[in-house]
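Listed here are the chains, written in short residue letters.
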Amino acid sequence: MIFDGADLSHQALAERLSPDETHVFRECDLTEADLWGAPLAGARFESCVLEGADLRKADLDGAVFTGGGGMRIRFADADLIDARFTDVDLSSAQFGGALLTDASFTGCRMIGAMLTGSRGTGFTLSRCNLTLANLGGCSLRGETIEGVRFDDADLSGCDFTEATLVDCRLRGTRLLSAKFAKADLRGADLGEPDDTRLRAFAGAVITQSQAAAILAARGITVL
């Protein structure tokens, strides 16, 4: 079923969508639409307004979101295996309990997004703004993460083992019990060093200039 430019705001849509079809939404207004539990595997959302849309428990495996988005989209407990988000506004989106195995986020605005409590074996991030986001306990093990801002985000308990961070920022980031063993942080802005941060970075690879900045912050001069 194809929806082209439709105003679907505030509507209950799940029962209108057949699980035997692939659904396409182009430039639709889905503000606060009720898609709870909807069969949307392989669906496409192209430049849609999704402000406050309810996609909890929806089957979104392989779904593609391009452009559009909005504040406070609810993805809690949804299946998002292999889902792709490109240039989508996901500010304050709720992903608690969502299955994110092999999902990808590219060029997305994810300020204040909540990914803590999400499930799966990992997802990918590239050129996203995750300022003030909560990724507590998420696994990004072995991933290459490029151009991501984690400023003031909560990464407590996250697993970055063997990950590579390129042009990423970790200013003011909460890193309690995070793991960076064998992670390559040479391309990252590590922010102001403190004891919690240094414990998290144990086993990581950094540059000489990064090491000198850490020592200088602790009153040690490197000659």
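Only a predicted model underlies this, so the values are computations on that prediction, with no experimental measurement involved.

1. Let's talk about the pattern of salt bridges
Should their charged atoms come close, side chains of opposite charge can pair. In this structure the tally under the stated criterion is 11 salt bridges. R72 is the salt-bridge partner of E51, the closest N and O atoms lying 3.7 Å from each other. Separated by 21 residues along the polypeptide, E51 in the loop between strand 3 (44-46) and strand 4 (64-66) and R72 in the loop between strand 4 and strand 5 (84-86) bring together distant segments of the chain. A relative accessible area of 47% places R72 in the partly exposed class. Measuring nitrogen to oxygen at the nearest pair gives 2.7 Å for the salt bridge that ties R56 to D54. Given a relative accessible area of 31%, R56 falls into the partly exposed group. Bridged by salt links that share partners, the residues R26, R44 and E46 form one connected network.

2. Considerations on the nonpolar core
With 68 residues, the main nonpolar core has F105 and L135 as its most contacted residues. Those elements giving two or more residues to this core turn out to be strand 9 (164-169) and strand 10 (184-189). Not counting residues up to four positions away in its chain, the partners in contact with L135 are L115, T116, F123, L125, L130, L140, F150, D154, L155 and C158.

3. A short note on the environment of T131
With respect to the helices and strands, T131 occurs in the loop between strand 7 (124-126) and strand 8 (144-146). For T131, a relative accessible area of 14% puts it in the buried group. Separated by 66 residues in the primary sequence, T131 and R197 place their C-alpha atoms 17 Å from one another. In contact with T131, other than residues within four places in its own chain, are M110, I111, G112, R149 and D151.

Rules and cut-offs
- Residues numbered from 1 in each chain as written.
- Predicted model: local features only at pLDDT ≥ 70, side-chain atom pairs only at ≥ 80, totals over all residues.
- Heavy atoms only, no water.
- Salt bridge = Lys/Arg side-chain N within 4 Å of Asp/Glu carboxyl O.
- Helix = DSSP H or I, 4+ residues; strand = E, 2+ residues; numbered from the N terminus.
- Buried < 20%, exposed > 50% of the residue type's maximum accessible area, 1.4 Å probe, protein only.
- Core = buried A, V, L, I, M, F, W, Y, C linked by side-chain atoms within 4.5 Å.
- Contact = heavy atoms within 4.5 Å.

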